[in-house]
Amino acid sequence: MRVLFVNRFYWPETPATGQLLTDLASGLAAMGHEIVVVTAAHREGISRDEVCSGARILRVVGQPRSRAAKFWAFLLFHLAAALTVLRRARRGDAVVVMTDPPLIGVSAGVAALFRGAKLIHWLQDIYPEIAVALT
């Protein structure tokens, strides 16, 4: 099975979503699945296309150095990730979108569905206690 993951963070970055994704992608690759990870380039000079632990990593855009640029970085990542999924996904692939950045499931998800891939939205950062507190 071929699986494309979309998340703003992946190895060697250390945020929680990136660490969870790295562990899962490496494990699935070790089981023989073809894994492609679409992520952002957070460091200068890091490879934009490499294979690590059996997973192909495609880093599509850099990340901002300032808080003011964060909105534009999110927007650019949405566009670049969606275009990458549109180019790379095939009918029958599983495209797994995570929750970073917010709403990536919409932009990359539309591209996946257009290509005939199965969309899986891996929700994280859900805090049900907040919903209970607000009601």
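In this text, all values refer to a predicted model and were calculated from it rather than measured experimentally. (Residues numbered from 1 in each chain as written. Predicted model: local features only at pLDDT ≥ 70, side-chain atom pairs only at ≥ 80, totals over all residues. Heavy atoms only, no water.)

Draft legend 1. Quick peek at the sheet that holds strand 2 (residues 34-41). Strand order in this open sheet of six strands is 3-4-2-1-5-6, and the pairing throughout is mixed. Edge positions in the sheet fall to strand 3 (49-52) and strand 6 (118-121), since each of these pairs with one other strand and no more. On average, adjacent strands in this sheet sit at an angle of 25 degrees to one another, irrespective of strand direction. Across four bridges, strand 5 (residues 94-97) lies against strand 6 in parallel orientation. Looking at the pairing, V95 lines up with L119 of strand 6. Packed onto the sheet, helix 2 (residues 70-88) meets strand 1 (2-6), strand 2, strand 4 (55-62) and strand 5 and runs at close to 140 degrees relative to strand 4. (Pairing = 2+ DSSP bridges. Helix = DSSP H or I, 4+ residues; strand = E, 2+ residues; numbered from the N terminus. Axes fitted to C-alpha atoms, helices over the stretch in contact; angles between N-to-C directions. Contact = heavy atoms within 4.5 Å.)

Draft legend 2. Geometry of unusual backbone geometry. Put simply, W11 and P12 share a cis peptide bond, and its omega is 10 degrees. Note on placement: P12 falls in the loop between strand 1 and helix 1 (16-30). Omega for the peptide link from D100 to P101 comes to 5 degrees, which places this bond in the cis form. Mapped onto the secondary structure, P101 falls in the loop between strand 5 and helix 3 (104-114).

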